[in-house]
Amino acid sequence: EAGVAQSPRYKIIEKRQSVAFWCNPISGHATLYWYQQILGQGPKLLIQFQNNGVVDDSQLPKDRFSAERLKGVDSTLKIQPAKLEDSAVYLCASRGQRGSTGELFFGEGSRLTVL
Amino acid sequence: AQSVTQLDSQVPVFEEAPVELRCNYSSSVSVYLFWYVQYPNQGLQLLLKYLSGSTLVKGINGFEAEFNKSQTSFHLRKPSVHISDTAEYFCAGGTSYGKLTFGQGTILTVHP
């Protein structure tokens, strides 16, 4: 079974530029998450989708971050314009089981460096 | 507020020694608890999870954790560590709608 795919793995941009990250979850997984992991910290949830609907985006900085999952499968996370403090690893995860008990499967992450 | 606290940011240990990584959760976190491991430049991999039933949970790679409701703890243990266990470990609590709240992480370094 293929895992969660993310691209690009690494991206370096200058502040005020834009960037987009792509995620393809495990086939059949309805729930998709984007987490931000800043160096030295635990992952922080940015947004959670159930199929193509948003369940939780309370910690997404909506003035610069946006995410979509148009067909309920793959997802794109965009940052525009980027700030220095956006330097982090962006992790995508998916879950196949409804509710709180199922395991999250994570991709390898997209590492963003903002100069 | 829902929170998960890992009490040690770094734990150095010698090979073949036992280790315990400590985790406490707030009572407002749903009692679905997880430990994940992250190797350098990789995503998070599930070690074990507690959903219900026996308070002692066994996971992969010889790790186990004990759920303690009275102390709101979910400490991770291994009786004898290997060099290959060097990684960062995250404790997480499941919340409503399936969101996981993560602790700050504990870097385990196993020395020869």
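In what follows, the structure referred to is the one given above.
The structure displayed is predicted, hence computed values, not measured ones. (Residues numbered from 1 in each chain as written. Chains lettered and ligands numbered in written order. Predicted model: local features only at pLDDT ≥ 70, side-chain atom pairs only at ≥ 80, totals over all residues. Heavy atoms only, no water.)

## Details of the pairing of strand β5 (residues 44–50) of chain A
All names here are of chain A.
Stage number 1. With respect to burial, β5 is a largely interior element, six of its seven residues being buried.
Stage number 2. Examined bridge by bridge, strand β4 (residues 31–37) and β5 share six bridges and lie antiparallel to one another. When the bridges of β5 are listed, Q36 appears paired with K44.
Stage number 3. Linkage of β4 to β5, two consecutive antiparallel strands, is achieved through a turn of six residues, within which G40 is found at a positive phi near 85 degrees.
Stage number 4. Counted along the chain from β5 to the antiparallel partner strand β6 (residues 53–56), the turn is two residues long, and its residue N51 has a positive phi close to 55 degrees. (Buried < 20%, exposed > 50% of the residue type's maximum accessible area, 1.4 Å probe, protein only. Helix = DSSP H or I, 4+ residues; strand = E, 2+ residues; numbered from the N terminus. Pairing = 2+ DSSP bridges.)

## Considerations on the pattern of salt bridges
Between side chains of opposite charge, a pair can form as their charged atoms come close.
Stage number 1. This model, assessed by the stated rule, comprises nine salt bridges over all chains.
Stage number 2. Among the salt bridges present, the one from K62 of chain A reaches D57 of chain A, with a minimum N-O distance of 3.7 Å.
Stage number 3. In this structure, D85 of chain B and K78 of chain B form a salt bridge, with 2.8 Å as the shortest nitrogen-oxygen distance. As far as burial versus exposure is concerned, D85 of chain B and K78 of chain B are alike and both buried.
Stage number 4. It is possible to trace a salt-bridge network through shared partners that takes in E20, E66 and R77 of chain B. (Salt bridge = Lys/Arg side-chain N within 4 Å of Asp/Glu carboxyl O.)

## Observations concerning the pairing of strand β5 (residues 33–38) of chain B
Residue and element names in this part refer to chain B.
Stage number 1. Burial analysis of β5 places six of its six residues in the buried class, which makes it a mostly covered element.
Stage number 2. Alternating residues of β5 divide into L33, W35 and V37 and F34, Y36 and Q38, and every residue in both groups is buried.
Stage number 3. Bridging between β5 and strand β6 (residues 44–50) involves six bridges; their strand directions are antiparallel. Residue pairing in the sheet places L33 in a bridge with Y50 of β6.
Stage number 4. Where β5 folds back onto β6 in an antiparallel hairpin, the turn is made up of five residues, including N41, whose phi is positive at roughly 60 degrees.

## Here's the deal with the sheet that holds strand β7 (residues 65–68) of chain A
Residues and elements named next belong to chain A.
Stage number 1. With antiparallel pairing, the four strands of this open sheet are ordered in space as β1-β3-β8-β7. Both edges of this open sheet fall to β1 (5–7) and β7, since each of them pairs with a single strand only. On average, each strand axis in the sheet is tilted by 15 degrees relative to the strand beside it, whichever way the strands run.
Stage number 2. The sheet contact formed by β7 and strand β8 (residues 75–79) spans four bridges and is antiparallel. Considered in β8, the bridge of F65 is made with I79. (Axes fitted to C-alpha atoms, helices over the stretch in contact; angles between N-to-C directions.)

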